[in-house]
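Here's the letter readout for the chains.
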Amino acid sequence: MTTDPVRNHNQELLKKLMPGDLVKFPRGWYTHWGVYEGNNSMIHVAGVFEESVLKHKAEIKREDFYTVCDRDKAYSGNDMDKEWEPLKTADIIRRAKANIGQMRYDLLFNNCEHFAKWCRYGRKSSEQVNEVFQFMEEALIVLTVELKTLLKVEMHNESKRLFRMATDRNQTHNLNVLRSLKPGDLVKFHRSLYTHWAVYEGDSNVIHVEGSFCDDIKRHKVEIKREHFLHVAQGDKAYDGNDMDDDWVAVDTEIVLQRAQNSIGHWQYALVFNNCVQFAKWCRYGLRSKKQNRFTCDQHVGNSDQINVCSLSG
């Protein structure tokens, strides 16, 4: 049974709630969200954890406020009102009611917080997910630094590195790939821990996001450069990167090259949302995807030659 202090707290909150308000329920390791409909009624994403996360199934339900509270305290969830303008109350309630029923659930991209904020603001966002990505990015920084220390990675000067590339066993493979490339093609270079992407410009040059991997993550600043194909390969095997041509329509070669060339210079880098994969695919397809972290953002850029940072906000 709910303890009296918790019950009293929730009763006081309920008196202040207005239809269309968001309500959050901290559950310990996560926070549940819902939309207050009025008359002690909540509309929220309900489901058993195993069903929701593992089978991507959940249900949007109308339930009594205290049923949703269970044994936890409830709090107002209108935190973003100071940054985002809420929709009209009637529109918020209409959105919530229209979606009652089965839904396809996704822990990272379509959860209870995404649903609630979409109802109130018309955009999907989850601070819980953003915090997870931030933690992963910071952990990767630490891991990368530790790996560099452990392996005692030493930087070679340019002449030694180019000599190594010239004698590397992958050289023949890369020269064959280079001969097959056409301007506007995407190229991917398989590194040990990740895959680097670039746009082939022609005359053995590629345009790509250049910088030290560890420094890129820490400083969020890199440079888009034009460099020789073999220089970028660094002795690693290169492959044709036009894998998505069967699913996405590539823009004209002239536009691909124009986007790449116009972007040369300093660039705001983000490991999860604005990296070399998304730059290359934006140039060729006008949208960006990063399968390396299983995140996809089908955001059309239109005729713009400038890259906008992609975010989880819908």
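Residues numbered from 1 in each chain as written. Predicted model: local features only at pLDDT ≥ 70, side-chain atom pairs only at ≥ 80, totals over all residues. Heavy atoms only, no water.

### Regarding the side chain of Lys188
Then step 1. Relative to the assigned elements, Lys188 resides in strand β7 (residues 186-190).
Then step 2. If we ignore the near neighbours within four places in the chain, the residues touching Lys188 are Thr195, His196, Trp197, Lys237, Ala238, Tyr239, Asp240, Gly241 and Asp243. (Helix = DSSP H or I, 4+ residues; strand = E, 2+ residues; numbered from the N terminus. Contact = heavy atoms within 4.5 Å.)

### Remarks on unusual backbone geometry
Then step 1. The phi torsion at Asn40 lies on the positive side, around 65°, for a residue other than glycine.
Then step 2. Mapped onto the fold, Asn40 is located in the loop between β2 (31-38) and β3 (41-46).
Then step 3. Residue class for Asn40 comes out partly exposed when judged on its relative accessible area of 33%.
Then step 4. Phi is positive for Gln234, close to 55°, though the residue is something other than glycine.
Then step 5. Inspection of the secondary structure assignment puts Gln234 in the loop between α10 (229-233) and β11 (238-240).
Then step 6. Classification of Gln234 by relative accessible area gives partly exposed; the value is 35%. (Buried < 20%, exposed > 50% of the residue type's maximum accessible area, 1.4 Å probe, protein only.)

### Let's talk about the nonpolar core
Then step 1. Val199, Phe279 and Cys283 are the most contacted members of the largest nonpolar core, which has 19 residues in total.
Then step 2. Put simply, the parts of the chain that give this core at least two residues each are β8 (195-202), β9 (205-210), β10 (221-228), α11 (253-262) and α12 (276-285).
Then step 3. Grouped together as the second largest cluster of nonpolar side chains are 18 residues, Ala58, Met80, Trp84 and Tyr121 included. (Core = buried A, V, L, I, M, F, W, Y, C linked by side-chain atoms within 4.5 Å.)

### Considerations on helix α1 (residues 4-16)
Then step 1. The end-to-end C-alpha separation of α1 is 19 Å, in line with the 18 Å expected for 13 residues at 1.5 Å each.
Then step 2. Every buried residue belonging to α1 is among Val6, Asn10, Leu13 and Leu14, and all of these are buried. For α1, the arc enclosing every buried residue in end-on projection is 100°, short of the 170-degree limit, so these residues lie on one face. In α1, the exposed positions angled more than 90 degrees off the buried face are occupied by Asp4, Pro5, Lys15 and Lys16.
Then step 3. For α1, the elements touching its buried residues are β1 (22-26), β2, α3 (65-69) and β5 (75-76). (Expected span 1.5 Å × (residues − 1). Arc of directions from axis to C-beta.)

### What to know about the sheet that holds β2
Then step 1. Ordered by their spatial adjacency, six strands build an open sheet running β5-β1-β2-β3-β4-β6, and the pairing between neighbours is antiparallel. Looking at strand neighbours, the two that pair on one side only are β5 and β6 (101-104), the edges of this open sheet.
Then step 2. With four bridges joining them, strand β4 (residues 57-64) and β6 adopt antiparallel strand pairing. For Ile60, the partnering residue across the bridge sits in β6 and is Gly101.
Then step 3. Sheet contacts for helix α5 (residues 112-121): β1, β2, β3 and β4; angle to β2, the most-contacted strand, approximately 35°. (Pairing = 2+ DSSP bridges. Axes fitted to C-alpha atoms, helices over the stretch in contact; angles between N-to-C directions.)

### Some remarks on the pattern of salt bridges
Then step 1. Using the criterion set out here, one finds 16 salt bridges in the structure.
Then step 2. Close ionic contact of Arg120 with Asp21 constitutes a salt bridge, the shortest N to O distance being 3.7 Å. With Arg120 in helix α5 and Asp21 in the loop between α1 and β1, this residue pair connects regions lying 99 residues apart in the sequence. This pair shows no difference in class: Arg120 is buried, exactly as Asp21 is.
Then step 3. Note that Lys225 and Glu210 form a salt bridge whose closest N and O atoms lie 3.7 Å from each other. Pair noted here: Lys225 is in strand β10 and Glu210 is in strand β9, with a separation of 15 residues, a long-range link.
Then step 4. Beyond isolated ion pairs, a larger network of salt bridges with shared partners links Lys182, Asp185, Asp245 and Arg284. (Salt bridge = Lys/Arg side-chain N within 4 Å of Asp/Glu carboxyl O.)

### What about the confidence of the model for the protein?
Then step 1. When pLDDT is averaged across the protein, the result is 79; 71% of the residues are at 70 or more.
Then step 2. In the predicted structure, residues 289-314 sits below a pLDDT of 50 and forms 74 contacts with residues beyond four places in sequence or in another chain. (pLDDT = per-residue confidence, 0-100.)

### Considerations on the packing of helix α4 (residues 89-98) against α5
Then step 1. Between α4 and α5, the shortest axis-to-axis distance is 7 Å and the interhelical angle comes to 140°. The residues of α5 that touch α4, namely those facing Ile92, Arg95 and Ala96, are Phe115, Trp118, Cys119 and Arg120.
Then step 2. When grouped by side-chain class, the residues that make up the contact of α4 with α5 number five nonpolar, no polar and two charged. (Nonpolar A, V, L, I, M, F, W, Y, C, P; charged D, E, K, R; others polar.)

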